[in-house]
Amino acid sequence: MDGDRRAWCDDDLTSDDDTNEDGTWRIAEDKCRAVICYEEPEIPNGKIAPGCVSGSNFSTSCNITCNDGYSLRGIASATCADVNQTDDTNAIGVWDYGDTSCTPYPCDEICPFECRDNRTCLCIDEICTEVCPSCRNNSECFELQCRCKSGYQGINGDEVNCIDIDECLDETSCAAIGQSCQNLPGTYQCICTEDYVPSENEDDCIENLCEPTDCGPNAGCYDTSTNDCSCFVGFKDEPDHECSDVDECASGVSACSDTEICRNTIGSYYCECIAGYTRTENDVCIPNSCPPDVIRCSSSNFLIDLCDSAMDDVTNITFPPSLAGYPTTSETICGEDTTNANTPLGSRVCELDGTWSTVTWLMSCGTGLSEVASQPIESEEQRQQVSASLQILTSNPETISSVDVALTSGAIQNITNSTEDITETTATSVITTISNLMESPALDDSGQSAELRTQLDLTASLVLLNDSDVFKAVSRNVSVVVTSSTSTEGGVGVTMLVRPNSTTIGFRSDQFTLTTSSAVAGSVINGQRILASIHIPKNASRDASKLSFNVIGNTNLFPTNSTAPSLEGSEVAEKTNVSMLVLSATVENRNITDLPPDGRLTYSLPVPYDNETQNRSCVYWLESAGDWDDRGCYVDGSTPDTLTCSCDHLTNFAALLGDFSGSTSLRVITIVGCSISALALLILVLLFFCIPKTRTGKKFKSSFLLLNLSLALLGLNITLLVSEIPSIVSEEDDVISSSCRSVAAFLHAFLLASCAWMNCEAVMLILAVVKPIYTAHHLEDWRVVVASISWGWLMPAIFVCIVAFRDISVYEYPQEDESLMVTCWIHPDHILYLAVIPTVMMISANLIAYAILTYQLCLKQKAKLRKVQNSSKETYQRKLGINFSILMLLGLTWIFGLFLPIDDATTALAFAYIFTILNSLQGFFLLLIYASRNEDIRQSVRTKLSTFSDKIAFSNSTLIISDRSGKLNLSATKEESSSNTDKWNSPYGQYILSEVADTRTTGSYND
C-alpha cells in the first residue's frame, strides 16, 4: 500500500438537505496494488508450465515437471505468492514451490537394459544423468542422442526423423564391370547388367560367354560347353522357361530370426527388426523398453485418496522399466497395515513405441477383494472401477487362495450379468483378471475353472466394438480377438506370430493378427513365422454379427485327471499331455455343429514329439464330460514340430501328445496277429489243394465257401500289412503316390469281400439247419458257386470300382498314425459311408443268422440233446467250442468294434484289445478249428509223418511194411474216429463239425 493509510467519515456535501445525517467514508484513491511475480520461475533439471511467466499475478499456479532421467521430489506445482504477508508495502511476489527438486534416477532403476551398452543413457558414479530423447522414424538412441540407423540420414541435420539414403547416387556403389545398383530401404544391392551373369560366389558379375547370350531376364549362361541357360540365384525356372523371383520370405528359407521381419526383394530379401526392437551395431535386434515413470499423488483427487490409503508419506507412484509390448505393475504398493497389503497401486502397458499406456488403478488399499466383489454395479463407471480393482488385486497370483478365486469369479459374474455391452477397457481388465487367476496354485481347488471359461466367452460376446470393428486384449496367459468383419470370402481367423520369450514372459501385444484364410503353424505370413492359427470358414461365419477367438497359453482352465478316448479306440493314451496352447472360436448366438468336410474349422499348433514313443491327435474340450475328446476332429497334416487339424464344430481346441503305450501295443498286436493269420490262411488254402478229399463230393459246397473266405481274409491281412509300410507312401507337392491309392482300394475291396463271404457261410448254415436234406442232396453245386462268387467277389469289386471312378480322392488321404507313420486308407470324410456302414450291415445280417441258427437247432433238437450221456461239464465245453467256431466263421467278433467310441477310456481300451486280438487272429482260429476237427486232414498228416519217419528209421526195402503199417494205423484211426464222432451225434454238433471242422464221418447232413 502506498500513501495515506487513513479513512475518514465525511458529510455528503453534494446534498442541500441539512436534515440528512448520513455520512460517507472517504479513502485515498489507488493506494492498494496487486502482488506480481516479475521473475520467471526456474527449477534445476525441471520445467514449469508456460503459463507461469514474468508478470503473473498473485496465486497464479503452474505444474512442475522434471527432465527425462530425473524424479520429482516435493510438490508438483509453483505458485505466485506474497513475499511477506505481514508487510503490505511490498507488491513484488515470488514463485513458491517449497522444497521441490528434480533428482536423477539411479542407473539400475532408470535404464537397466540400455545402460549396459551405453546406448540411451550415461552413467556417472552410478547415476543416470540423462535419458535419450524420443527418436522416431528410422532413428535410434546412441550415447544420449538420436542417431539415424544404418542406411538412413537426418532431415536438415536433425536425426530424430531419418529418411533412406539412396546409395545408388554414389558412383562408387556397384562400380565394378557388369554391375548396376538397386536401392533398398536402408541398404542397396548390386545386380548384373545385360550380357553379364553373377559369378559362382555371387560377389561379382562375369561376362556371359555362352552362345546364344540372350537367356532372357533374370537368367544367364554359365556353361560354355553346353550353352544352357539357368536362372540367377534368387530366381526359379517356371514351366514357360522364364525365371521368376523366389519369395524367400513366403517359402521360409530366409535367415531372418524371430525378432526380424523378412522383406522380399527381386532376387533377394532383407531382414528388419519387428516392432519394439532396435538393431545394434552388431546387427542384432534387441528389445526396446519404457523408462521408469513417476506419477504424483497430488495430480488428482483420486490419487490423493489412493496414496493416503496406501501408507504414510507416499507422494509419488513409481513404475519400473518394462519391455515394449508387455505390462507391468507399480513399485509403490499398499502398506503392511492395510487390507490389501503388498498389492500394487496400478498397472500399465509399455507400448511398442516405448511410451506408457493409461494406468489401471486399484480402487483403494483399504477395500479388499470381498468388498469389491460385493459392490453393486449400476453404471459403466462402477463396472470399470470394479474390473480394474480385480485386475490389480489378482496381479500377485501366488498369494491368491481358493476363496479369493471364488470371490473374483463371482465379481466377474456381476460385471457380465447385464444385457448391456461392456467397454473395451472393462473387457480388457476382466480378461487380464482371468489370466492372473490361471496362475494361482489354488485354481483347481476352487472349482471355478468351468465358470471362468464361461465368463471368458461371455466377456468376448459383450464387448462393445469401436469404429475399427476389432477388439484385441492381450494378457500374460490369454489373448482375445473379437471382430465384426465377417463378410470376407475366405472366412475369418486369427494367427499367432512367433515372438521371443512368449512362453516365459507371456503373450506380446503385437503377437496376434486377423487373417482371411487358414494358415499352418511353422509357415510364414507377411514375412513373419506363424506359431499357431485358427480359422472359421465362410459357411460358419456368414451373416454373424460378431466372431471371437481365444488363445490360451496353458491348460490350467481345463483340469482333467483322465485321458481322452478316441473315436478309433486305438488312440487311447495312458500318459497324455495336452499342447500348451488352447485355441477357441465362437460365433455369437450360434451353436455351430456338423460342418461339411470342405467347410470345417481348421487350427494348427506347435506340437513337437518323439516319433518312436509318442503320438498326436486333434481334440476338443467336451464340457459334458469335463475332458478332451477327438470325435469330429481330424488330422489334416503334420510335421515333426506342428499339427494341423480340422473339426466339424466350434469350441476349445488343443492337441494331445503323450506316450501312447496302448496304441503302440495294439499296433504290434495287429501286425503280429495279421502275420500269423496270413500264414495260417495260406496253409489252409494249400491244404485244400493238396488234400483232394477235403473238397470232393458232398464236401464241395462247404469247402468252396471256406476256401474263398480264406482267400478274402488272406488278401485283407496282406494288404493291411502292406499298408503299414511307410515306404509305399511318398509325398511330392502334396500328392499321395498311386501305390498308396492302390493299397487303399485293395484293402477296401478285401474288407468288403471278407464280410461278403462270411454272409455266404451264414446263408449255408441257415439252409443246412432249416432244410438239411435239400442242402445235402438237391442244392446243386453250380448254383452255390455262381451265387457266392457274385456276392463274395463281384459285389465288392463293383462297389470299389464305382467309388474310384466317381472320386479317386477318397483313397488319396493317409490316415494319420504316429504322425510321420501313415496308413493308406479311406479319407476320414468318407469312411463312415464307404466302410463302416456296409461292414456293420453285413455283420448285423450274420448276427441275425446266428440267432436264427441257435434258435432252430435248440428248438428242433431239444429232445436229442437230452440223450447225450456226457457230463454237464463236457456238454458245456462242447457248446462253448461250437459257439466259438460259429463266431469265428461268421466274423461276429467284428461287433466289438462298435464299442470303441465309448467315453470311458478304460472300457474303450479293453474293447480295443479284444477287437484287435480276435480279428487279427481270425485266420489262425479258422485253421486251428478246421485242421483239428477235419479227419481227412488229420489222417493225411499222420500218413505223411509216418512215411517220413519210416524213411529215416528204415531202409528203402521196408517201405512195403511201412505202407501196410500205415493201412493198419489208418484202419485203427477210422475206428477211433467213429468212436469220437458219437460224442457229436446231435444234428447241431454234426453240422457244426462238418461245416466248420468238416469232420464228415457220415458223409451227409443228418436231420
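For the structure, see preceding data.
First, a word on scope: everything that follows refers to the structure included in this document. (Residues numbered from 1 in each chain as written. Predicted model: local features only at pLDDT ≥ 70, side-chain atom pairs only at ≥ 80, totals over all residues. Heavy atoms only, no water.)

### As for a negative patch on the surface
Residues Asp305, Asp308, Asp312, Asp313, Glu336 and Asp337 make up a contiguous surface patch of negative charge. Residue position: aspartate 312 is located in the loop between helix 3 (301–310) and strand 31 (316–319). (Patch = residues over 30% accessible without salt bridge, like charges linked within 9 Å, V, L, I, M, F, W, Y side chains within 5 Å. Areas by Shrake-Rupley, 256 points an atom, 1.4 Å probe, with all protein chains shown as cover. Salt bridge = Lys/Arg side-chain N within 4 Å of Asp/Glu carboxyl O. Lys, Arg positive; Asp, Glu negative; His and termini not counted. Charge placed at Lys NZ, Arg CZ, Asp CG, Glu CD. Helix = DSSP H or I, 4+ residues; strand = E, 2+ residues; numbered from the N terminus.)

### Quick look at the sheet that holds strand 34 (residues 346–349)
If you trace the 3 strands from one edge of the open sheet to the other, you get 33-34-35, paired in antiparallel fashion. Of all the strands in the sheet, just strand 33 (327–329) and strand 35 (360–361) have a single pairing partner and so form its edges. (Pairing = 2+ DSSP bridges.)

### Observations concerning helix 15 (residues 781–806)
The first and last C-alpha atoms of helix 15 sit 36 Å apart over 26 residues, in line with the 38 Å expected at 1.5 Å per residue. A maximum bend of about 35° is found in helix 15 at leucine 794, where proline proline 796 lies one to four positions downstream. Considered for burial, the residues of helix 15 that qualify are Val784, Ser788, Gly792, Pro796, Val800 and Val803. (Expected span 1.5 Å × (residues − 1). Bend = angle between axes of the 7 residues up to and from the residue. Buried < 20%, exposed > 50% of the residue type's maximum accessible area, 1.4 Å probe, protein only.)

### Things to note about the packing of helix 6 (residues 402–416) against helix 9 (residues 449–462)
For the pair helix 6 and helix 9, the least separation of the axes is 10 Å and the interaxial angle reads 25°. On the basis of the axis angle, helix 6 is roughly parallel to helix 9. Crossing handedness for the pair helix 6 and helix 9: left-handed. In contact with Ser409, Ile412, Gln413 and Thr416 of helix 6, helix 9 contributes Glu451, Leu452, Gln455, Leu458, Thr459 and Leu462. Classifying every residue of the contact of helix 6 with helix 9 gives 4 nonpolar, 5 polar and 1 charged. (Axes fitted to C-alpha atoms, helices over the stretch in contact; angles between N-to-C directions. Parallel < 35°, antiparallel > 145°, perpendicular 65-115°, else oblique. Left-handed = near helix turned anticlockwise from the far one by under 90°. Contact = heavy atoms within 4.5 Å. Nonpolar A, V, L, I, M, F, W, Y, C, P; charged D, E, K, R; others polar.)

### Regarding the state of the cysteines
Scanning the model with the defined rule gives 16 disulfides in all. Cysteine 231 shares a disulfide with cysteine 243; S-S distance 2.0 Å. The S-S bond linking cysteine 231 to cysteine 243 shows a torsion near -85°; that makes this disulfide left-handed. Here cysteine 231, found in strand 22 (residues 228–231), pairs with cysteine 243, found in strand 24 (residues 243–245); they are 12 residues apart in sequence, far enough to count as distant. Between cysteine 249 and cysteine 262 runs a disulfide, and the two sulfur atoms are separated by 1.9 Å. (Disulfide = S-S within 2.5 Å.)

### Observations concerning the sheet that holds strand 6 (residues 61–66)
The mixed open sheet is built from 6 strands, whose spatial order is 4-6-8-9-3-5. Edge positions in the sheet fall to strand 4 (46–48) and strand 5 (56–57), since each has one partner strand and no second. Pairing between strand 4 and strand 6: 3 bridges, direction antiparallel. Among the inter-strand pairings, isoleucine 48 is bridged to a residue of strand 6, identified as isoleucine 64.

### Describing the nonpolar core
Counting 68 residues, the largest nonpolar core has Leu709 and Tyr811 as the members making the most contacts within it. When residues of this core are traced back to their parent elements, those giving at least two are helix 11 (661–690), helix 12 (700–723), helix 13 (738–770), helix 15, helix 16 (831–860), helix 18 (872–890) and helix 20 (922–933). The element contributing the most residues to this core is helix 13, with 19 residues. Sequence-distant contacts of tyrosine 811, that is, excluding residues within four places in its chain, are made with Cys740, Arg741, Ala744, Ala745, His748, Val800, Val803, Ala804, Trp825 and Ile826. Counting residues in each nonpolar core, the second largest holds 56 residues, with Leu362, Ile422, Val463 and Phe471 among its members. (Core = buried A, V, L, I, M, F, W, Y, C linked by side-chain atoms within 4.5 Å.)

### A few points about unusual backbone geometry
The residue asparagine 342 is not glycine, and still its phi comes out positive at about 70°. Mapped onto the elements of the fold, asparagine 342 is located in the loop between strand 33 and strand 34. The phi angle at asparagine 526 is positive, at roughly 55°, despite the residue not being glycine. Examined against the element boundaries, asparagine 526 turns out to sit in the loop between strand 40 (524–525) and strand 41 (528–536).

### A closer look at the pattern of salt bridges
Under the criterion given, the structure shown has 12 salt bridges. The residue arginine 508 makes a salt bridge to aspartate 510 at a minimum N-O spacing of 2.7 Å. For the pair shown, arginine 508 and aspartate 510 are each scored as buried. Across the pair aspartate 629 and arginine 631 runs a salt bridge, and its minimum N-O distance is 2.4 Å. For aspartate 629, a relative accessible area of 2% puts it in the buried group. Each of Arg499, Arg508 and Asp510 takes part in salt bridges that share partners, so that together they form one network.

### Quick notes on the pairing of strand 42 (residues 547–552)
Within strand 42, 6 of the 6 residues are buried, which leaves it mostly tucked inside the rest of the structure. What you see with strand 42 is no split at all: Leu547, Phe549 and Val551 on one side and Ser548, Asn550 and Ile552 on the other are buried throughout. Pairing of strand 37 (residues 478–483) with strand 42, which is carried by 6 bridges, proceeds in the antiparallel orientation. Counted as the bridge partner of valine 482 is serine 548 from strand 42. Bridge analysis of strand 42 against strand 44 (residues 582–587) gives 6 bridges, and the strand direction is antiparallel. The residue bridging valine 551 from the neighbouring strand is leucine 583, located in strand 44.

### Some remarks on a nonpolar patch on the surface
A cluster of nonpolar side chains, contributed by Val668, Val672, Ile676, Phe924 and Leu928, occupies part of the molecular surface with about 400 Å² of accessible area. With 3 residues, helix 11 is the single largest residue contributor to the nonpolar patch. Structurally, the position occupied by valine 668 is in helix 11. The class of valine 668 is partly exposed, set by a relative accessible area of 45%.

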